[in-house]
Amino acid sequence: MKIKVTIVAGDGIGPEVTREAVHILESVGQLNGYKFQFTEMPIGGVAIRQHGSPLPTTTLDAALDSDAVLLGAVGGNEFNSLPPDKRPEAGLLQLRHALGGFANLRPSVAYASLSNNSPLRPEVTDGADILFVRELLGGLYFGEPRSWDRETGVGLNTMRYTRDEVVRVARIAFELAQKRRKKVTSVDKANVLEVSQLWRATVIDVAAEYPDVALEHQYVDACAMHLMNTPRNFDVVVTENLFGDILSDEAAVITGSLGMLPSATIGGKVNLYEPVHGSAPDIAGTGKANPLGAILTAAMLLRHTANLEQDALAIETAVQRVLTRGYRTADLARTNQPGQQIVTTQEMGRLVFEVLNEIIDRRQAMHAV
Ligand code: NAD
């Protein structure tokens, strides 16, 4: 098996963290007898410098011709004075649009060894493992009409969904829940908004196709509170674009650092995998970037593009063990944690690589018996 991946590492810490993720993918492939064909292409600031465009046609063509796209991050201070459509971030938005993914998956996992890193108490967060499925192409961010009339002083956006748009994202949520703890929480504002009433009625219809999955509904305001009080009660959360944007950022506090968060956007022509963080120009080139978000993103690529669940799990377990052994990049370091060892981006990547080798060796030895 060969998996074609376009690498768009981008700017700032993007190349540093992506290098570690690619290394992990290569090792997993070598250990298990499959191959990756990586093609590195420019995006963002580096593409503006080389080609005068944040998303050169050659990058887009390569992305569309691959099985998956792995992105680092885009953006840099030197581009801040450019108009929005010329900035590095425009390249990423164009790429997302062209790839067409409508379901943005954002896991929020509370690693026990990082429980001191969250502002929430460990007894609240320990064991929390939430997967957000955020609708990405519709809702309030894209609905028409939209306007800001300066003369009349009226601004307008439209939260619009069609039944088909809700059906397709709900099906993804239920299918993912079937492989997890079999619970979907659908979040809306059906007590006030007609579009949410459509959302809720449609999700109820879709739920009938998945009798093994429990469905609950929460209003978005109540959900914001429950996420902080009882994060362990959630498994898969499916919701509208804006609600998902806000709630998944809120739930990210249970992980302890922005550098820990992976994401995948699926359902389009080619899946796009990217850590949630940006290019972090303040730490670029210092060896302080946490590569775990990018490495966990690589695990999502194996799970959602290559259907290699066991290998995705092996990477996630390796990350967990490295953290349990006390290794921390600077963003995860805390003064009150005895036994922690601060490591660089590269060292963290190597540690995950070593533990991953142990896990896969053991798995292969067990199969050989
Ligand atoms: P950011 O995510 O880059 O950084 C926010 C803070 O978190 C910084 O202090 C940074 O040092 C820290 N941080 C982020 N990732 C980290 C990691 N892996 N390890 C350790 N610390 C980490 O957000 P920002 O500062 O608002 O934006 C910087 C640039 O990135 C801007 O140009 C912005 O537009 C861009 N951006 C890009 C993306 C993307 O490419 N998906 C996302 C967000 C922001």
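Reading guide: rules and limits
- Residues numbered from 1 in each chain as written.
- Predicted model: local features only at pLDDT ≥ 70, side-chain atom pairs only at ≥ 80, totals over all residues.
- Heavy atoms only, no water.
- Pairing = 2+ DSSP bridges.
- Helix = DSSP H or I, 4+ residues; strand = E, 2+ residues; numbered from the N terminus.
- Axes fitted to C-alpha atoms, helices over the stretch in contact; angles between N-to-C directions.
- Contact = heavy atoms within 4.5 Å.
- Near = heavy atom within 4 Å.
- Polar contact = N/O pair within 3.5 Å; in protein donor to acceptor, adjacent residues only side chain to side chain.
- Areas by Shrake-Rupley, 256 points an atom, 1.4 Å probe, with all protein chains shown as cover.
- Domains from an automatic or database assignment.
- Buried area = accessible area lost by both parts, 1.4 Å probe.
- Salt bridge = Lys/Arg side-chain N within 4 Å of Asp/Glu carboxyl O.
- Expected span 1.5 Å × (residues − 1).
- Buried < 20%, exposed > 50% of the residue type's maximum accessible area, 1.4 Å probe, protein only.

Within the open sheet, the 10 strands sit side by side as β2-β1-β3-β12-β11-β4-β5-β10-β8-β9. Their pairing is mixed. Strand pairing shows two members of the sheet lacking a second neighbour, β2 (35-40) and β9 (214-219), which therefore form its edges. Going from strand to strand, the sheet's axes swing by 25° on average, the running direction of each strand aside. Relative to strand β10 (residues 236-239), strand β8 (residues 183-188) is paired through four bridges, and the arrangement is parallel. Considered in β10, the bridge of T185 is made with V237. Those strands touched by helix α9 (residues 241-251) are β4 (103-109), β5 (129-135), β8 and β10, and its axis lies near 155° from that of β5.

We now examine the site of the ligand. Taken together, 21 residues lie near the ligand, and V74, E89, G278, A280 and N290 sit nearest. G278 has a polar backbone atom sitting 2.7 Å from an oxygen atom of the ligand. Contacts to the ligand include A280, whose backbone N or O atom sits 2.7 Å from an oxygen atom. Contact with the protein chains removes 68% of the 810 Å² of surface that the ligand exposes when unbound.

The domain architecture assigned to the protein consists of domain 1 (1-109 + 257-369) and domain 2 (118-255). Between domain 1 and domain 2, the C-alpha centre-to-centre distance is 25 Å. Contacts between domain 1 and domain 2 engage 16 residues on the former and 20 residues on the latter. Roughly 1,700 Å² of surface becomes buried between domain 1 and domain 2 when both sides are summed, with 60% attributable to carbon and sulfur atoms. Counting the surface domain 1 buries against domain 2, the share from its top three residues, F102, R106 and S108, is 43%. Our enumeration of links across domain 1 and domain 2 arrives at one salt bridge.

Next up on the list: helix α6 (residues 163-178). In this model α6 runs 22 Å from its N-terminal to its C-terminal C-alpha over 16 residues, within 8% of the 22 Å that 1.5 Å per residue would give. Taken residue by residue, α6 has E165, V166, V167, V169, A170, I172, A173, F174, L176 and A177 as its buried positions.

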